[in-house]
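Breakdown of the fold
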Amino acid sequence: MKKDIDWQNLGFGYIKTDYRFVSNYKDGKWDEGVLSTDSEITMNESACVLQYAQTCFEGLKAYTTQDGHVVCFRPDLNAKRMADSCRRLEMPVYPEDKFVEAVEKTVKANLDWVPPYGSGATLYLRPYMFGSNAVIGVKPAEEYQFRIFTTPVGPYFKGGAKPITLRVPDFDRAAPRGTGHVKAGLNYAMSLHPIVDAHKQGYNENMYLDSATRTKVEETGGANIIFVTKDNKVVTPKSNSILPSITRRSLMYVAEHYLGLKAEEREIYVEELKDFNECALCGTAAVLSPVGEIVNHGEHICLPSGKEKMGPITQKLYDTLTGIQMGRIEAPEGWIKVIA
Ligand SMILES: *Cc1c(COP(=O)(O)O)cnc(C)c1O
């Protein structure tokens, strides 16, 4: 039976659900993994994750489609991206097929927590891994835990898709050959001060530049960025230090194959910002959030799409991608994993 929750008014916070998947890595191999009712973790005070932040994560959603199925969106890409993160952080890869199986098991065990179709809410899944044994000299852990918990969430931005304001901060997010392209907790730890500061100054998010030249747009702390040009081309920054968003890759495909628009990944210079028609952030949590204004050290760039609603192309992209996810529009082969 579905949980007694006011699905329409859910926020974006942690709510404990019944089961989480837990697998341990020891003596060079992963165990079978179990579904556990225990949401607490106990580990040594000198665990590698606590001292040296050896941890990475993923984020994806399960939701109820129009015809009543429970599905996930492209979990194979989360599996692959987590494997890439693990390799960069000297952590053991959790096999990609096992990852997708674990996602399936975890959602099935928490079906009562999957919000109903039309509520705007979804079941957020958080796969993650961390080095758990004690280290004091700097080296990778020898024991790891891989877990997936779920939590029901409402829309990321309460009050719908009101355009937000970005600022170009004086902080950098990622170095050219650093860890910006992997989903490591450490990328978020260092973003906390810039985001708290941005909020204090009245901005919604930071738009980070490339740290080598500070002339090119990269992304925000937790979302990629897309732009629409004056001639209706969808463009997104190309850089080795951007986290490869699955939402962004899907939107670029939708632009080209569903909307018949040109879509291009290329370097985007700060000077070009004033020439764009639309701008939006993209990621699993919010799908797309429109940007109304970008502030770069006293220069105010107001997007022509304005501050009241999404631009027309952003809206089409949003409607098409969420339509595909919710089963209202036919999905490309392999995008939708039916779980129940
Ligand atoms: C997770 C994340 C995104 C969004 O990726 P999705 O796969 O679309 O959810 C974008 N930027 C950063 C830094 C991220 O960590």
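Residues numbered from 1 in each chain as written. Predicted model: local features only at pLDDT ≥ 70, side-chain atom pairs only at ≥ 80, totals over all residues. Heavy atoms only, no water.

1. Points about the packing of aromatic side chains
Our working definition: Aromatic contacts are taken between Phe, Tyr and Trp rings whose centres are within 6.5 Å, Trp giving its six-membered ring; a plane angle under 30 degrees counts as stacked, one over 60 as edge-to-face, and the others as tilted. Only DSSP runs of H or I with at least four residues qualify as helices, and only runs of E with at least two residues qualify as strands; both kinds are numbered from the N terminus onward. The buried label applies to any residue whose accessible area, calculated with a 1.4 Å probe on protein chains only, is under 20% of its type's maximum; exposed applies above 50%, and partly exposed to all values in between.
Going through the model one piece at a time under the given rule, you end up with 16 aromatic pairs. Relative to Y144, the ring of Y25 lies with its centre 5.9 Å away and its plane at 70 degrees, an arrangement referred to as edge-to-face. Taken together, the positions of Y25 in strand β1 (residues 20–26) and Y144 in strand β8 (residues 144–153) put the pair 119 residues apart, joining distant regions of the chain. By relative accessible area, Y25 is classed as buried at 17%. Arranged with centres 5.1 Å apart and planes meeting at 80 degrees, the rings of W30 and Y94 form a pair that is edge-to-face. Taken together, the positions of W30 in strand β2 (residues 29–30) and Y94 in the loop between α2 (75–88) and α3 (96–109) put the pair 64 residues apart, joining distant regions of the chain. Given the relative accessible area of 17%, W30 is considered buried. Here Y94 falls in the buried class, since its relative accessible area comes to 5%. Among the aromatic residues, ring-to-ring pairing joins F21, Y25, W30, Y94, F99, Y144 and F146 into one connected group.

2. Side note on the environment of G137
As for its position among the elements, G137 is in the loop between β7 (122–131) and β8. A relative accessible area of 41% places G137 in the partly exposed class. Linking G137 and C48, residues 89 residues apart in sequence, is a C-alpha distance of 9.7 Å.

3. Comments concerning the pattern of salt bridges
Stated formally: Should a side-chain nitrogen of Lys or Arg be within 4 Å of a carboxyl oxygen of Asp or Glu, the pair is scored as a salt bridge.
Scanning the model with the defined rule gives 17 salt bridges in all. Of the charged contacts in the structure, one is a salt bridge between D197 and R167, with a shortest N-O distance of 3.0 Å. With D197 in helix α5 (residues 192–200) and R167 in strand β9 (residues 164–167), the pair connects residues that are 30 residues apart, well separated along the chain. Among the charged side chains, a network of salt bridges with common partners joins K233, E264, R266 and E272.

4. A look at the domain arrangement of the chain
Quick reminder of the rule: In this document the domain limits rely on a domain assignment from an automatic tool or a database. What makes two residues a contact is simply this: any of their non-hydrogen atoms within 4.5 Å. As a working definition, buried area equals the accessible area (1.4 Å probe) given up by two parts on being put together, with both sides summed. Two N or O atoms count as a polar contact when they lie within 3.5 Å, although within protein this holds only if one can serve as hydrogen donor and the other as acceptor, and sequence-adjacent residues are included solely when both atoms are side-chain atoms.
Split into domains, the chain comes out as domain 1 (7–153) and domain 2 (164–325). The C-alpha centroid of domain 2 is placed 26 Å from the C-alpha centroid of domain 1. The interface is formed by 22 residues belonging to domain 1 together with 20 residues belonging to domain 2. With both chains or domains summed, domain 1 and domain 2 bury close to 1600 Å², and 65% of this area falls on carbon and sulfur atoms. Counting across the domain 1 and domain 2 interface gives eight residue pairs in polar contact (both at pLDDT 80 or more). With six residues, the single largest contributor to the side of domain 1 that touches domain 2 is α2.

5. Observations concerning the nonpolar core
The condition is simple: The term nonpolar core refers to a set of buried residues drawn from Ala, Val, Leu, Ile, Met, Phe, Trp, Tyr and Cys, joined through side-chain atoms within 4.5 Å.
Within the largest apolar cluster, 33 residues are counted, with the highest numbers of intra-cluster contacts made by F99, V103, V107, M129 and F146. Of all elements in the fold, only β1, β5 (60–64), β6 (70–73), α2, α3, β7 and β8 reach the threshold of two or more residues within this core. Residues I226, A280, V287 and I313 belong to the second largest nonpolar core, which totals 23 residues.

6. With respect to helix α6 (residues 246–257)
In an α-helix, one turn spans 3.6 residues; hence positions three or four apart end up facing the same way. We apply this condition: Expected span, for any helix, means 1.5 Å times one less than how many residues it has.
An ideal rise of 1.5 Å per residue puts 16 Å on twelve residues; α6 measures up with 16 Å between its terminal C-alpha atoms. Among the residues of α6, I246, T247, R248, S250, L251, M252, V254 and A255 are the ones counted as buried. A side-chain oxygen of the first residue of α6 lies 3.2 Å from the backbone nitrogen of T247; this N-cap is S245.

7. Looking at α2
The end-to-end C-alpha distance of α2, which contains 14 residues, comes to 20 Å, matching closely the 20 Å that a straight helix rising 1.5 Å per residue would cover. All buried positions along α2 are accounted for by P75, L77, N78, A79, R81, M82, A83, S85 and C86. Downstream of α2 by a residue or two, E90 has a phi angle that is positive, lying close to 55 degrees.

8. Some thoughts on the environment of G180
By the element assignment, G180 lies in the loop between β9 and α4 (185–189). Considered as a pair, G180 and P244 are 64 residues apart in the sequence and their alpha carbons are 9.4 Å apart. Not counting chain neighbours up to four residues away, the residues in contact with G180 comprise R173, A174, N187, E219, S241, I242 and L243.

9. Some points on the pairing of strand β11 (residues 224–228)
Our working definition: We treat two strands as partners when DSSP finds at least two bridges between them.
In terms of residue burial, β11 counts as a mostly covered element, since five of its five residues are buried. Side-chain alternation along β11 places N224, I226 and V228 on one buried face and I225 and F227 on a second face that is also buried. Sheet topology places β11 next to strand β12 (residues 234–237); two bridges connect them, and they run antiparallel. For V228, the partnering residue across the bridge sits in β12 and is V234. Hairpin connection, β11 to β12: the antiparallel pair is bridged by five residues, and N232 has positive phi, about 60 degrees.

10. Description of the site of the ligand
For clarity, the cut-off: In these notes, residues near a molecule or strand are those with any non-hydrogen atom within 4 Å of it. Where accessible areas are quoted, they stem from the Shrake-Rupley method and a 1.4 Å probe; at the residue level, only the protein chains shown are allowed to cover. Only protein atoms enter the 1 Å grid used here. Points where a 1.4 Å probe fits but cannot escape make up a cavity, open sets with protein on both sides within 12 Å along at least five of seven lines make up a pocket, and a residue lines them when an atom lies within 4 Å of a point. To be counted as sitting in a cavity or pocket, a molecule needs more than half of its atoms within 2 Å of that site's grid points. Each residue gets one label: Ala, Val, Leu, Ile, Met, Phe, Trp, Tyr, Cys and Pro are nonpolar, Asp, Glu, Lys and Arg are charged, and the others, such as Gly, are polar.
Surrounding the ligand, one finds 15 residues, the nearest of these being K183, Y188, S245, T247 and T284. Taking S245, its side chain carries an N or O atom lying 2.5 Å from an oxygen atom of the ligand. Here an oxygen atom of the ligand and a side-chain polar atom of T247 are 2.6 Å apart. Within the complex, 96% of the 380 Å² of free accessible area of the ligand lies under protein. In a pocket analysis with a 2 Å cut-off to the grid points, the ligand is assigned to the largest pocket. Taken together, the residues that form the shell around the ligand break down as four nonpolar, seven polar and four charged.

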